[in-house]
Amino acid sequence: MYIQRLIEPKLHEIIQKGKSVLLLGARQTGKTTLIKHLHQADLFYSLLDPELRLRLERSPNLLGQEIEAYKTLNGLEHSPLVIIDEVQKVPALMDAIQLLIDNRVAQFILTGSSVSKLRRHSQFNLLPGRVINFHLDPLCLSEMTNAISDLEFLLLYGSLPGIYLERDLKTKQLILESYVKNYLEEEVRGEALVRQLGDFARFLEFAAIESGHQININNLSHELGVSRHTVSEYFRVLEDCLIAEKIEPITTCETRKRLTKAPKYLFIDMGIRRIAAAEGTQLSSKTMGNLFEQFIGLELLKILRIKQPSAKLRYWRDHAGPEVDYVIENNKVYTPIEIKWSETPTIKDARHLVKFMDEYHCTAHAYIICRATKPLLLSPKIIALPWQELPTIIL
């Protein structure tokens, strides 16, 4: 069963214009399925194939020779469409690909699940108008038509396409457990991203448990028995492997001097987070409320990437107490959002939103995302919105 993705129209439009594309996303978010569904490639290379990978590592220029041979044998006058899956596995290919694009030899769709090695070839991503970057997330609410009412499922098992389509709970659990194990073995050990895999495994559990909270590097360093630098590097690995997203705080205010400067990190999928945190499925209401807050943050990130890619998701917290869970920043205008597990939020739940709107240039409305069945107007500027209607915030 194929699931229609919201990113498809933009991706199709760019490819139809003859531009090359770099599609980034964590493992099993559906990148390969998507690109194969959109376009029939002239040539397809999967760098997960160890034999192919070794051949191109030894001689990256073989790629150009094979493409030229394909054009000649098939009498092509146009540039063939070439898909290279998991391109980060052979970063030396990036130079060859750049040359082939510049010389109009081929058009490329590249996919990748890690950017650590691609950073060494940063010039490639800066080619103006030639390579367009896209990001594919796990499924968002608008793509999961028959799971829209099952909030507990989404909080516990996440929204990777394979998990969403699988009906057996035991199989879902096994797939997620395998995902986390393979991530450690293939992405971290295989790419030699860290020296001590045991230390990183313990860090991964702590990072998952602390997902959605302000990160205290000093405390985490003490708890793990590693340096602050090592902890920071471990978080960079999570970001580079597209497993976690950093949420930066708003740190400027005319009236408040003690705003939090520590970032939050969100694991890109709730199921992956639960397995990494070594949690079961019987969780307290308080824990579910915390997971709900993280889930909404992830959904906001997905929506922004598709509808407002220039916008940023932030949060706001004063050491004295006031805190707003998420703030959408777009051209220095803010949309503050609070997350409540409640089914019947009141204006008291919006007190921090009121303080925030008094101090910043905000949009017309602030929102409380909750489990209410219908939208509620709590004040002229504050709306309590059912979580199912979250996509309507960003039009």
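Rules of the game
- Residues numbered from 1 in each chain as written.
- Predicted model: local features only at pLDDT ≥ 70, side-chain atom pairs only at ≥ 80, totals over all residues.
- Heavy atoms only, no water.
- Helix = DSSP H or I, 4+ residues; strand = E, 2+ residues; numbered from the N terminus.
- Rg over C-alpha atoms; globule rule 2.2 N^0.38 Å.
- Buried < 20%, exposed > 50% of the residue type's maximum accessible area, 1.4 Å probe, protein only.
- Contact = heavy atoms within 4.5 Å.
- Areas by Shrake-Rupley, 256 points an atom, 1.4 Å probe, with all protein chains shown as cover.
- Lys, Arg positive; Asp, Glu negative; His and termini not counted.
- Charge placed at Lys NZ, Arg CZ, Asp CG, Glu CD.
- Pairing = 2+ DSSP bridges.
- Axes fitted to C-alpha atoms, helices over the stretch in contact; angles between N-to-C directions.
- Arc of directions from axis to C-beta.
- Salt bridge = Lys/Arg side-chain N within 4 Å of Asp/Glu carboxyl O.
- Phe/Tyr/Trp six-rings, centres within 6.5 Å; stacked < 30°, edge-to-face > 60°.
- Lys NZ or Arg CZ within 6 Å of the ring centre and 35° of its normal.
- pLDDT = per-residue confidence, 0-100.
- Right-handed = clockwise from strand over helix to strand, strands pointing away.

Draft legend 1. Representation of the overall build of the protein chain in the model. Along the backbone of the protein chain there are 15 helices and 13 strands. At 22 Å, the protein chain has a C-alpha radius of gyration in line with the 21 Å of a compact globule built from 395 residues. With the C-alpha coordinates of the protein chain rotated into their principal frame, the extents come out at 70 × 50 × 45 Å. Taking all 395 residues of the protein chain together, 53% fall into the buried category. Sequence-distant contacts, at least 24 apart, represent 67% of the contacts inside the protein chain between residues at least 6 apart. Roughly 18800 Å² of accessible area belongs to the protein chain as shown, and the carbon and sulfur atoms make up 50% of that amount. Of the charged side chains in the protein chain, 49 are positive and 48 negative; the average position of the first set lies 4 Å away from that of the second.

Draft legend 2. How the structure looks around the sheet that holds strand E6 (residues 244-249). Read from one edge of the open sheet, eight strands run E7-E6-E8-E9-E10-E11-E13-E12, paired in mixed fashion. Of all the strands in the sheet, just strand E7 (264-267) and strand E12 (376-379) have a single pairing partner and so form its edges. Pairwise comparison of adjacent strand axes, ignoring direction, gives a mean angle of 35° for this sheet. With five bridges connecting them, strand E8 (residues 312-317) and strand E9 (residues 323-330) associate as antiparallel partners. When the sheet's bridge partners are listed, Arg-314 is paired in E9 with Val-327. Sheet strands in contact with helix H14 (residues 285-307) are E6, E7, E8, E9, strand E10 (333-339) and strand E11 (366-370), and its direction is about 0° off that of E9.

Draft legend 3. Quick look at helix H1 (residues 8-16). Buried within H1 we find Glu-8, Leu-11, Ile-14 and Ile-15. For H1, the angular spread of the buried residues around the axis is 135°, confining them to a single face. Seen from the buried face of H1, the exposed residues on the opposite side, beyond 90 degrees, are Pro-9 and Gln-16. Where H1 is buried, its residues touch strand E1 (20-24), helix H2 (31-38), strand E4 (107-112) and strand E5 (131-135).

Draft legend 4. How the structure looks around the pattern of salt bridges. Applying the stated criterion across every chain, the model contains 18 salt bridges. A salt bridge links Lys-17 to Glu-13, with the shortest nitrogen-to-oxygen separation between them at 3.3 Å. Residues Glu-233 and Arg-236 are paired through a salt bridge, measuring 3.0 Å at the closest nitrogen-oxygen approach. Remark: Arg-236 and Glu-233 occur in helix H12 (residues 228-240); sequence separation between them is three residues, near one turn of the helix. What makes Arg-236 partly exposed here is its relative accessible area of 33%. If you follow the salt bridges from partner to partner, you end up with Lys-264, Glu-293, Arg-317 and Glu-323 in one network.

Draft legend 5. View of the packing of aromatic side chains. Within the structure shown, the criterion is met by 13 aromatic pairs. Centroid distance Phe-200 to Tyr-234: 5.1 Å. Interplanar angle 90°. Geometry classified as edge-to-face. Within this pair, whereas Phe-200 is found in helix H10 (residues 197-209), its partner Tyr-234 is found in helix H12, the two being separated by 34 residues in sequence. On the basis of relative accessible area, Tyr-234 is assigned to the buried category, the value being 6%. Judged by centre distance (5.4 Å) and plane angle (65°), the rings of Phe-292 and Trp-341 are edge-to-face. Highlighted residues: Phe-292 in helix H14 and Trp-341 in the loop between E10 and helix H15 (351-359), separated in sequence by 49 residues. One aromatic cluster is present, built from ring pairs that chain together Phe-200, Phe-203, Tyr-234, Phe-235 and Tyr-265. Lys-264 extends its terminal NZ or CZ atom over the ring of Tyr-315, reaching a point 4.4 Å from the ring centre.

Draft legend 6. Quick look at the confidence of the model for the protein chain. The predicted model of the protein chain averages 90 in pLDDT, with 94% of residues at 70 or higher. In the model of the protein chain, helix H6 (residues 122-125) stands out as the element of lowest mean pLDDT, 54, in contrast to E11, which has the highest, 97.

Draft legend 7. Geometry of the sheet that holds strand E2 (residues 43-46). Strand order in the open sheet made by the five strands is E2-E3-E4-E1-E5, with parallel pairing throughout. Edge positions in the sheet fall to E2 and E5, since each has one partner strand and no second. Across the sheet, the mean angle from the axis of one strand to that of its neighbour is 15°, orientation sign disregarded. Relative to E5, E1 runs parallel, the two sharing five bridges.

Draft legend 8. Here's a closer look at unusual backbone geometry. Positive phi values are uncommon outside glycine, yet Arg-104 reaches one of about 55°. If you trace the backbone, Arg-104 turns up in the loop between helix H5 (93-102) and E4. Arg-104 sits in the exposed class, given a relative accessible area of 69%.

Draft legend 9. Structural detail: the pairing of E4. Of all six residues that make up E4, six are buried, and the element is covered over most of its length. The side-chain alternation of E4 yields two buried faces, one formed by Gln-107, Ile-109 and Thr-111 and the other by Phe-108, Leu-110 and Gly-112. Where the polypeptide runs from strand E3 (residues 81-85) across H5 and back to E4, its parallel neighbour, the crossover connection is right-handed.

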